[in-house]
Amino acid sequence: MINILITSLLLFTHIAYGDEAEEKTLPSPWDNEIEFGYQSESGNNSSQSLNSRLELNYTSGQVRNSGELKYASKEDEGIEKKNQIVLELQSDYKISSDYYLYANLHGMDSKYTAYYKDFTFSSGLGYQLSNTKTLVIELEAGPGYRYQEPNLDELDDDDLIFPDVVEEAIFRGNVHLQWKMFDSLELEADMTVVTGHSNTRLDTEFSLINNLTEHTALKFSQSREMLDRVPPGLEKVDRVSSITLLIHL
């Protein structure tokens, strides 16, 4: 009887500690990162400024939530020249092995650019063309809504702006790519098109990430913003180049 009790106790202990060990080895649902660095703009405006970015990702079961906050600022002889916040929130719900539903909110708030506020909301269907450890390709498409409030106080001849409040239906499409070329080198690319009655905007961003340690990396990015309709005499394309220190939290 004692032998049976001892054997049962050892078996229970093995199961309990085995389950605890398995729980400890489960990957965290969080995947977060922060960036600090420098960016240079060219096109209709030429400037240099400091920028930072915070990204939070949470994945559990069929649900994936992500949030990204970007901030850029510049001072010249103690006078503020740039103060811009860009926020993007997205929630995905997987409905099959390859397809998911998404809802996306993208917004910009600024004091010194053409628009005080520039928001788009979209929801639709996403498709994972590839979802492996080395290659992720995701496609998204769906209808939405755009709201833009022009910064008439700062309106000038070289401002990329039309003096109208925009409230309209839109269509949004997005392509996202992550390619881990080597253990220490990764390529990321995003292309987003938003089209409505007032304008069509195409944003592209390519980033090369060089991992220095397990938690730090150098990131080189090149982004382009192209508008289909601009005021006379202005360029349709603006570019931003940046170099940042990326920290995985």
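Residues numbered from 1 in each chain as written. Predicted model: local features only at pLDDT ≥ 70, side-chain atom pairs only at ≥ 80, totals over all residues. Heavy atoms only, no water.

**Observations regarding the overall build of the protein chain**
- Scanning the protein chain for helices and strands turns up one helix and 12 strands.
- Counting from the amino terminus, helix and strand elements in the protein chain follow one another as α-β-β-β-β-β-β-β-β-β-β-β-β.
- Counting across all 249 residues of the protein chain, residues that qualify as buried make up 32%.
- Across the protein chain, the fraction of contacts at a sequence separation of at least 24, relative to all contacts at a separation of at least 6, is 48%.
- Per element, the accessible surface of the protein chain, about 15500 Å² overall, is 60% carbon and sulfur. (Helix = DSSP H or I, 4+ residues; strand = E, 2+ residues; numbered from the N terminus. Buried < 20%, exposed > 50% of the residue type's maximum accessible area, 1.4 Å probe, protein only. Contact = heavy atoms within 4.5 Å. Areas by Shrake-Rupley, 256 points an atom, 1.4 Å probe, with all protein chains shown as cover.)

**A short note on the confidence of the model for the protein chain**
- The share of residues in the protein chain with pLDDT of 70 or more is 82%, and the mean pLDDT across the chain is 86.
- At the level of individual helices and strands, the protein chain shows its lowest average pLDDT in helix H1 (residues 2-25), which scores 49, and its highest in strand S9 (residues 185-196), which scores 98.
- Contacts of residues 1-6 to residues separated by more than four positions or lying in other chains number zero contacts, the stretch itself having pLDDT below 50.
- Low pLDDT (under 50) marks residues 8-13, which in the prediction has zero contacts with non-local residues, meaning those over four places away or in another chain. (pLDDT = per-residue confidence, 0-100.)

**Focus: the side chain of Asn104**
- Residue position: Asn104 is located in strand S5 (residues 99-110).
- A residue is classified by how much of its surface remains accessible, and Asn104, at 1% relative accessible area, is buried.
- A distance of 2.8 Å separates polar atoms of two side chains, one belonging to Asn104 and the other to Glu88.
- In this structure, Asn104 is in contact with Glu88, Leu89, Gln90, Thr120, Phe121, Ser122 and Arg172, ignoring residues within four places of it in sequence. (Polar contact = N/O pair within 3.5 Å; in protein donor to acceptor, adjacent residues only side chain to side chain.)

**Some thoughts on the pairing of S9**
- As judged from the 12 bridges shared by strand S8 (residues 166-182) and S9, these two strands associate in the antiparallel manner. By the bridge assignment, Val175 is partnered in S9 with Met191.
- Hairpin connection between S8 and S9: a loop of two residues separates the two successive antiparallel strands.
- As paired strands, S9 and strand S10 (residues 200-211) are joined by 11 bridges and run antiparallel to one another. By the bridge assignment, Asp190 is partnered in S10 with Glu205. (Pairing = 2+ DSSP bridges.)

**Quick word on the packing of aromatic side chains**
- The tally for this structure, following the rule as stated, stands at two aromatic pairs.
- Ring centres of Tyr99 and Tyr127 lie 4.8 Å apart, and the angle between their planes is 40°; this geometry places the pair in the tilted category. Linking Tyr99 in strand S5 with Tyr127 in strand S6 (residues 115-131), this pair joins segments that are 28 residues apart in sequence.
- Judged by its relative accessible area of 38%, Tyr99 is partly exposed.
- Arg64 extends its terminal NZ or CZ atom over the ring of Tyr100, reaching a point 5.5 Å from the ring centre. (Phe/Tyr/Trp six-rings, centres within 6.5 Å; stacked < 30°, edge-to-face > 60°. Lys NZ or Arg CZ within 6 Å of the ring centre and 35° of its normal.)

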